[in-house]
Amino acid sequence: MDLKHGDRVVVCDGARFVIYENRGDTLGMDLRVIDTATQETGPTRELGDSPPGRYPGPDGQKSSVEQTDLHSLAEKHFVEALAERLNTYATEQAAGRYVIVADPRSLGILRPKLTGEMQRRVLETITGDYTHRPVEVIEALVTAA
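None of these values were measured; they are calculated from a predicted model.

(A) Up close: the packing of helix α2 (residues 70–92) against helix α3 (residues 104–113). One can describe the packing of α2 onto α3 by two numbers: an axis separation of 9 Å at closest approach and a directional angle of 45°. Taken together, α2 and α3 sit at an angle that is classed as oblique. As for the relative orientation of α2 and α3, their crossing is right-handed in sense. Residues Ser 72, Glu 75, Lys 76, Val 79, Glu 80, Leu 82, Ala 83, Leu 86 and Asn 87 of α2 pack against Arg 105, Ser 106, Ile 109, Leu 110 and Lys 113 of α3. Taken together, the residues that form the contact of α2 with α3 break down as 6 nonpolar, 3 polar and 5 charged.

Listed below in structure tokens is the structure:
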């Protein structure tokens with residue numbers, strides 16, 4: 001895939017995102033970081049403060065309920081915040097196309113949160129966890145798509 005000057009590549013997972021902008025042209029990609037964020041979350045056992053609840057069942061016996069997975073919930077909120085940021089970019093910029101690289105879970109959270117305008121700007125989505133890979137790997141991945 002050939003990216004034009006100014007096109008962006010978003011690489012994310014549930015705890016980190018990096019947004020690159022292509023400063024090169026269709027002949028040579030030159031991705032530069034323009035935005036990044038990281039979220040530090042521990043496991044649910046460190047985030048929660050009480051054990052799962054117990055509720056009376058129809059027969060009078062108490063049953064426990066599954067504990068809320070606070071780690072997954074924090075990751076979901078992080079990806080939703082990224083979607084809001086991308087939607088803002090789509091409304092503030094007159095032009096610009098995007099390639100989104102994300103793990104399957106994050107991609108599933110991100111896609112429905114993107115506005116119609118942002119969805120029209122998405123050239124390609126690539127599934128995989130590449131957030132900790134160097135920019136050269138990202139450039140090769142996008143070029144091969």
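(B) Molecular detail of the side chain of Arg 8. Tracing the backbone shows Arg 8 in strand β1 (residues 8–12). Polar side-chain contacts of Arg 8 include one of 3.2 Å to the side chain of Glu 21. Excluding residues within four positions of it along the chain, Arg 8 makes contact with Ile 19, Tyr 20, Glu 21, Ile 34, Tyr 89, Gln 93, Arg 97, Tyr 98 and Val 99.

(C) Examining the sheet that holds strand β7 (residues 122–127) more closely. Across the sheet, which stays open at both edges, the 5 strands sit in the order β3-β2-β1-β6-β7 with mixed pairing between neighbours. One side of each edge strand has no neighbouring strand; the edge strands of this open sheet are β3 (31–38) and β7. Each neighbouring strand pair of the sheet contributes to a mean axis angle of 15°, computed without reference to strand direction. With 5 bridges joining them, strand β6 (residues 98–102) and β7 adopt parallel strand pairing. What sits directly across from Val 99, in β7, is Glu 124. Together, β1, β2 (16–22), β3 and β6 form the strand contacts of α2, whose direction differs from that of β2 by roughly 25°. Where α3 meets the sheet, its contacts fall on β1, β6 and β7, and the angle it forms with β6 comes to roughly 135°.

The rules behind each value
- Residues numbered from 1 in each chain as written.
- Predicted model: local features only at pLDDT ≥ 70, side-chain atom pairs only at ≥ 80, totals over all residues.
- Heavy atoms only, no water.
- Axes fitted to C-alpha atoms, helices over the stretch in contact; angles between N-to-C directions.
- Helix = DSSP H or I, 4+ residues; strand = E, 2+ residues; numbered from the N terminus.
- Parallel < 35°, antiparallel > 145°, perpendicular 65-115°, else oblique.
- Left-handed = near helix turned anticlockwise from the far one by under 90°.
- Contact = heavy atoms within 4.5 Å.
- Nonpolar A, V, L, I, M, F, W, Y, C, P; charged D, E, K, R; others polar.
- Polar contact = N/O pair within 3.5 Å; in protein donor to acceptor, adjacent residues only side chain to side chain.
- Pairing = 2+ DSSP bridges.

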